[in-house]
Each structure stands twice: as C-alpha cells, then as structure tokens.
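Single-letter residue listing:
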Amino acid sequence: MGILAWIIIGLLAGAIAKALMPGKDPGGIIITMLIGIAGGLLGGWLGKVIFGVDSVDGFFELSTWIAAIVGSLILLALYRVFTGNRHSHRHA
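Residues numbered from 1 in each chain as written. Predicted model: local features only at pLDDT ≥ 70, side-chain atom pairs only at ≥ 80, totals over all residues. Heavy atoms only, no water.

(A) Region of interest: the overall build of the protein. Each helix and strand in the protein was counted, giving 3 helices and 0 strands. A buried classification covers 30% of the 92 residues belonging to the protein. Excluding contacts between residues fewer than 6 apart, the proportion of contacts in the protein whose partners are at least 24 apart in sequence is 72%. Roughly 5900 Å² of accessible area belongs to the protein as shown, and the carbon and sulfur atoms make up 73% of that amount. (Helix = DSSP H or I, 4+ residues; strand = E, 2+ residues; numbered from the N terminus. Buried < 20%, exposed > 50% of the residue type's maximum accessible area, 1.4 Å probe, protein only. Contact = heavy atoms within 4.5 Å. Areas by Shrake-Rupley, 256 points an atom, 1.4 Å probe, with all protein chains shown as cover.)

Right, here's the structure in full:
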C-alpha cells in the first residue's frame, strides 16, 4: 500500500477509535488524526510481531482495518493517560 492509503486508513481508524472511546481529548481533531495514522502503523507492526501475520495485506482487507483501529485505540488510551491529568491541575 502507498503512503496515501496509509494516511486515509489512519484518518478513518482515528475517527473510529475516537467514536469507540468517546470523551474529551486535550488535542482536538488534529491530534486524533495523527494518532490514527500512527495507530495504523502500530497495529500493523503489532500484528506482525505478536501473531506472526501480515496484517497489512491491502486497503480493503478486514485485517488491515482491525490492526489500524486497535493500534489507534492503544495510542489514544496512552495519550489520554499521559495528557489527561495535566489539564485538571490548572484550577487553583
């Protein structure tokens, strides 16, 4: 798959991850899109390392989308853990 396909999958996977994990994110839509793109890459890599499968067979393959969404969910959760408490300490 080309870089444009990865960007499209990442953007959509980030939006799906955000829909599956609703809540207020400190970064907004730009950060969600970047998390989606990075999550797609992470999901593909994890699928290959953990399960020994090539989870990035093609744009329309279910395994590609599942890997991208799972990777995006992982990164979104980590992002919330590391940035969520930062904004709650402003009120003094």
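(B) Seen up close, the UniProt feature "transmembrane region" (unreviewed entry) in the protein. Mapped onto this numbering, the UniProt entry gives "transmembrane region" (unreviewed entry) at residues 27–47 and 59–82. Annotated as residues 27–47, this span is 95% helix and 0% strand, and its ends, taken at the C-alpha atoms, are 27 Å apart. (UniProt positions renumbered as here; feature names shortened; annotations may be inferred.)

(C) Focus on helix H2 (residues 28–51). Helix length check: H2 (24 residues) gives 33 Å between terminal C-alpha atoms against 34 Å at 1.5 Å per residue, within 8%. Residues of H2 that are buried: Thr-32, Ile-35, Gly-36, Gly-39, Gly-40, Gly-43, Gly-44 and Gly-47. Positive backbone phi, at 70°, marks Gly-52, one or two positions downstream of H2. (Expected span 1.5 Å × (residues − 1).)

(D) Here's a closer look at the environment of Trp-45. Tracing the chain through its elements places Trp-45 in helix H2. Exposure remark for Trp-45: the relative accessible area of 52% places this residue in the exposed category. Through-space distance from the C-alpha of Trp-45 to that of Ala-68 is 9.7 Å; in sequence the pair is 23 residues apart.

(E) Local environment of the side chain of Ser-72. In this fold, Ser-72 is placed in helix H3 (residues 62–83). With relative accessibility at 1%, the residue Ser-72 sits in the buried group. Within the structure, the side chain of Ser-72 is placed 3.4 Å from the backbone oxygen of Gly-36, a separation counted as a polar contact. In this structure, Ser-72 is in contact with Ala-13, Gly-14, Ala-17, Ile-35, Gly-36, Gly-39 and Gly-40, ignoring residues within four places of it in sequence. (Polar contact = N/O pair within 3.5 Å; in protein donor to acceptor, adjacent residues only side chain to side chain.)

(F) Local environment of the nonpolar core. Formed by Ile-9, Ala-13, Trp-65, Ala-68 and Ile-69, the largest nonpolar core amounts to 5 residues. Elements with a contribution of two residues or more to this core: helix H1 (3–20) and H3. The biggest single contributor to this core is H3, with 3 residues. If we ignore the near neighbours within four places in the chain, the residues touching Ala-68 are Ile-9, Ala-13, Gly-39 and Gly-40. (Core = buried A, V, L, I, M, F, W, Y, C linked by side-chain atoms within 4.5 Å.)

(G) Examining H3 more closely. The first and last C-alpha atoms of H3 sit 31 Å apart over 22 residues, in line with the 32 Å expected at 1.5 Å per residue. Restricting attention to buried positions, one finds in H3 the residues Thr-64, Trp-65, Ala-67, Ala-68, Ile-69, Gly-71, Ser-72, Leu-76, Arg-80 and Thr-83.

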